[in-house]
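# Coordinate analysis (summary)
Spelled out, the chains give:
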Number of protein chains: 2
Amino acid sequence: MVIQLNDIQNFESRYRAKLINSLSGFRQVSLIGTQSKLGIANLAIFNSLIHLSANPPLWGLVFRPDTVQRDTLDNILETGVYSINYVSSNYFQQAHQTSAKYDSNISEFEAVGFKTTYDSDFLAPFVEEATVKIAMKLEQVIPIELNGTKLLIGSIQRINLKESMLKKDGFVALNEEQIIASSGLDAYYKTELLGRLNYAQPNIKVSFLEI
Amino acid sequence: MVIQLNDIQNFESRYRAKLINSLSGFRQVSLIGTQSKLGIANLAIFNSLIHLSANPPLWGLVFRPDTVQRDTLDNILETGVYSINYVSSNYFQQAHQTSAKYDSNISEFEAVGFKTTYDSDFLAPFVEEATVKIAMKLEQVIPIELNGTKLLIGSIQRINLKESMLKKDGFVALNEEQIIASSGLDAYYKTELLGRLNYAQPNIKVSFLEI
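Quick look at the structure, then. (Residues numbered from 1 in each chain as written. Chains lettered and ligands numbered in written order. Predicted model: local features only at pLDDT ≥ 70, side-chain atom pairs only at ≥ 80, totals over all residues. Heavy atoms only, no water.)

### Points about the interface of chain B and chain A
Selection rule: Only heavy atoms matter for contacts: two residues are in contact if any of them lie within 4.5 Å across the pair. Throughout, buried area stands for the accessible area (probe radius 1.4 Å) lost by two parts on being put together, summed over both. Only one rule defines a salt bridge in this text: a Lys or Arg side-chain nitrogen within 4 Å of an Asp or Glu carboxyl oxygen. Polar contact is defined as a pair of N or O atoms within 3.5 Å, subject to the rule that within protein one atom must be able to donate a hydrogen and the other to accept it, and that residues adjacent in sequence are counted only when both atoms are side-chain atoms. All amino acids are sorted into three groups, where Ala, Val, Leu, Ile, Met, Phe, Trp, Tyr, Cys and Pro are nonpolar, Asp, Glu, Lys and Arg are charged, and the leftover types, Gly among them, are polar. For two strands to be treated as a pair, DSSP must find no fewer than two bridges joining them. Strands are runs of DSSP state E lasting at least 2 residues, helices are runs of H or I lasting at least 4, and numbering of each runs from the N terminus.
The partner chain A presents 96 residues to the 96 residues of chain B that form the contact. Counting the surface lost from both chain B and chain A, the interface buries some 9000 Å², and carbon and sulfur atoms represent 65% of this. The largest contributions to the chain B side of the interface with chain A come from M1, L23 and F26 of chain B, which together make up 9% of the buried area. At the surface where chain B touches chain A, the tally comes to 4 salt bridges. The salt bridge partner of D186 of chain A is R196 of chain B, with a shortest N-O separation of 2.8 Å. Linking chain B to chain A there are 38 residue pairs in polar contact (both at pLDDT 80 or more). Class assignment for the residues of the side of chain B that touches chain A results in 53 nonpolar, 27 polar and 16 charged. Bridging between strand β11 (residues 149–161) of chain A and strand β1 (residues 2–4) of chain B involves 3 bridges; their strand directions are antiparallel. Directly across from R158 of chain A, in β1 of chain B, lies its bridge partner Q4 of chain B.

### Observations regarding the environment of A54 of chain B
Note the threshold: The buried label applies to any residue whose accessible area, calculated with a 1.4 Å probe on protein chains only, is under 20% of its type's maximum; exposed applies above 50%, and partly exposed to all values in between.
Within the fold, A54 of chain B resides in strand β5 (residues 50–54). By relative accessible area, A54 of chain B is classed as buried at 12%. Separated by 119 residues in sequence, A54 of chain B and A173 of chain B have C-alpha atoms that sit 17 Å apart. Not counting residues within four places of it along the chain, the set of residues in contact with A54 of chain B comprises R16, A17 and I20 of chain A.

Here you go:
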């Protein structure tokens, strides 16, 4: 079936949001941990994490205007730091529940049943249950004027992960720990590896990489 | 195990690239179809698609400097249009093969064995075998000076998908057609739905959405 731009513009707004967001495909579920200036631990689910470069190690996060994720942005701008946490499929319902609009004086960690854990030299809280915990430092916020969103760029400061996931060539096998993926605003997935493939070259048949 | 920023900076560059890229998690596999000014159809694999907004329907793509994806960027800047194509798990090896550095006068469609198909009013080629085909128009390119990457923003002009994937509330069930996800530069996955969840509200137990 064909859906034209004109159809998209005329759809009811929640229908359109679900369509365009889910159509953009599978993505990583990130739980972003921050601390407010009043010392309250905040946790929010994001599916807009993007890899920007490995050297320097920079990742982006997209913030839409006027969403519950606003607390997260305010806290990052105030403290300069945040944590990125990946959880296994056992926790997908708790992860989703962090998207509820809790008052700013309530910690989503407590509200949904995750424990906080801290590094001694880093202000933002981590999710103790997370299989992967990453300490991030704010580098830049780029406003996208076309639609009022913001691209927040941060640098990786420290990575904490289960050693067995890290392969000899640097690859991190998130699938081995059933780390969750999502699509749209409400669908959660586990993944099954089809294979890793060797570096592609013209006129050489694709082959599987075994590591 | 803990990996510090200092370790990351000292890793061998390909090890570091695989680590930081794969750690950024699961993402959608997009085959981007473009046409060069000489009329040659180009196809390249991307895993940097991001949802920016539903109204207007805007998505981003990240371009790193000096990669094989440069042809794609040049073609989009010259013609103003591109296609986004999603394929099923049957095609993951062909999709990966589009990342090989073919000469600019060779069409990756032919080289890897995908057929082109065209809409009469749209210059960029689509992948005939793709389950989802999306016509995109260039809106803006935002340079990211921190690391020399570019964020290309495009608007959705037309969506062509299998009708059974589109649910009553607008959700597109990519998993039903085994659309592929990836992580890092070489790992491909199929997904298994854990569930769709209702809109989260404070103090109300998470519940499954049945559509």
